[in-house]
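If you want the building blocks of each chain, they are given just below.
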Amino acid sequence: MEVGRRLMLINGQWVEGRSGEFLAVENPARKGSIVGEVPRGKEMDVDDAVSSAAKAFESWRQIRPRERGKFMIQIGEAIETKTNEIARITALETGNAIRTQSRPEAMLTADIFRYFGGVASEIKGETVPLGENLLSYSRREPIGVVGGIVPWNSPVGLAALKIAMSITAGNTLVLKPSSEAPLAVLEVARICSECLPPGVLNVVTGTGLECGLPLARHPLVKKLTFTGSYEIGRTIMEAAAERIVPITLELGGKSPQIVFPDADEPQGVEGVLLAMRFTRQGQSCTAGSRLFLHESIYDSFLEKLVNKLKSLKIGDPLDESTDIGALINRTQFEKVCSFVEEGMRQKGARLLTGGIPPKEGPLSQGYFMEPTVFSNARNDWRIAQEEIFGPVLVAIPWKEEEEAIRMANESHYGLAAFIWTHDIGKALRTAHRIESGWVQINQGVGIVPGQSYGGFKQSGLGREYSLEGMLESFTQRKSITINLQF
Ligand code: NAD
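Now for a look at the structure at hand. Every value quoted in this text rests on a predicted model; they were computed, and no experiment measured them. Residue numbers run consecutively from 1 along every chain, following the written order of its sequence. In view of the model being predicted, local features appear only for residues whose pLDDT reaches at least 70, and side-chain atom pairs are presented and counted only at 80 or more, with totals across whole chains, interfaces and linings using the full set of residues. Hydrogens and waters are ignored; side-chain quantities use all the structure's heavy atoms.

**Digging into the site of the ligand**
Throughout, the term near means that a residue has one or more heavy atoms lying within 4 Å of the molecule or strand in question. Looking at the ligand, there are 27 residues lining it, with Val-150, Lys-176, Ser-229, Leu-251 and Glu-387 nearest. Look at the ligand: alone it shows 850 Å² of surface, and the protein chains cover 89% of it. What counts as a helix is a DSSP run of H or I of at least four residues, what counts as a strand is a run of E of at least two, and both are numbered from the N terminus. Elements that contribute at least two residues to the shell around the ligand include exactly α7 (208-217), β11 (221-227) and α8 (230-243). With 4 residues, the single largest contributor to the shell around the ligand is α7. Under this grouping Gly is polar, as are all residues other than the nonpolar Ala, Val, Leu, Ile, Met, Phe, Trp, Tyr, Cys and Pro and the charged Asp, Glu, Lys and Arg. For the shell around the ligand, the class distribution of residues is 16 nonpolar, 8 polar and 3 charged. Computed with the Shrake-Rupley method and a 1.4 Å probe, the accessible areas treat only the protein chains shown as cover for residues.

Given below as structure tokens:
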């Protein structure tokens, strides 16, 4: 066990679960090998964590926002000195390659804390001009105990986001990382706990049903923030509806990339690959997995794309020369393979590269998959409509701009989109008509703190990642009106 046994953080203490049971965390790059283990937290542990957060809230909310911001900046600085360790643990438990994914994520984590620390004093209210004899103003107040639940694909970045937004705004937090990738989150929590008063941040580990659901349903949790799949998002929303608590949902996607004829060039190809997140095995909510290519460049663009993909190195996530690591676990691996099989059976589809991985050889030791591209796909096929969350791209030709926009919008998701053209007028016209929360033109990078982020349609509810997102999602507005003639 490279990382070993880690405990949960409740009320500033590192504790085992009350059941005394532990969950093993597998290394996806070496099937069957265990990286570490964490407590199997259950309802009683969640209750302890929420009680500790409720108690800490009374004093944490009194601390001036600028002071709370200082804590965040201190945490950001401390994380920066530990990025290599955080990146190594992330690579071990997620299979995400250290150079292309895990280290950039650890660096982003430090940035997230610094960003929210910097904007902490912007938690301001307004005055309302109701006449000379009235003073009416508003305050942004914290909500209380936040229940945060995050997935495994970008575990520390998403955990940092929930921690920084909740706590900077004056709330306290109980965070539940995914049982697939809790170890690096606990490392970040360790750094936070050295800076914060006890109970302000609590981290419980366990399965979704045993630990996540009791957290979502806990009567003292006054706000829910969830990042994960559409299916579980609905469950969390039902829990929120039971007691009418505010909720933010960051869910899945099946994001379109529209390539115009003038973008048939190496930079366009590199950008499309980046946007598809092939170097995170396609395991990204914003992955641009539906590629709409103009028919005039269809073959030449795909040829360049496939050549480029073949030059990427798949293998040990800890090797600095690796571009692409392993998928998270067997379940996900089998799910992605079944989508690939379905694509291969689909009449008219052409498998250009990738496919079902070999059952023997070095890559069969982990959940590795080659980047897979299907051409001549149709937008109504399941492989073009469902979130595969793996390295599978479908390429669909188009003739008229209208047709490309219509197909791009024919999805129940609406998280991200990518447009590739030098004609900025055309790019902006298209961007305005796309039904997605985030459209990138001529780039396919990850989100930067300060940009409000969230989905249209079934990709989610509410916005996070920015000052505005923190204000909207993690504070509640109170109006106060004073009659000056009394
Ligand atoms: P998931 O929905 O299965 O799990 C997410 C979290 O919810 C985990 O911590 C899990 O333990 C917990 N959970 C599971 N069942 C639960 C239940 N019944 N009650 C309470 N909690 C429960 O998602 P995943 O497989 O971990 O992650 C992949 C998904 O996350 C994809 O759909 C992806 O698009 C999405 N995602 C979205 C964003 C975004 O910002 N929009 C970012 C990253 C990932």
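**What to know about the pattern of salt bridges**
By definition here, a salt bridge exists when the distance from a side-chain nitrogen of Lys or Arg to a carboxyl oxygen of Asp or Glu is within 4 Å. A complete count under the given rule lists 33 salt bridges for this structure. The partner of Glu-122 in a salt bridge is Lys-124, with the nearest N and O atoms 3.1 Å apart. Note that Glu-194 and Arg-190 form a salt bridge whose closest N and O atoms lie 2.8 Å from each other. Here Glu-194 pairs with Arg-190, and both are found in helix α6 (residues 183-195), just 4 residues apart, close to one helical turn. Note on exposure labels: buried denotes an accessible area under 20% of the residue type's maximum, exposed denotes more than 50%, and partly exposed covers the range between, all computed with a 1.4 Å probe on protein chains only. The class of Glu-194 is exposed, set by a relative accessible area of 58%. With relative accessibility at 26%, the residue Arg-190 sits in the partly exposed group. Connected via shared salt-bridge partners are Arg-6, Glu-187, Arg-190 and Glu-194.

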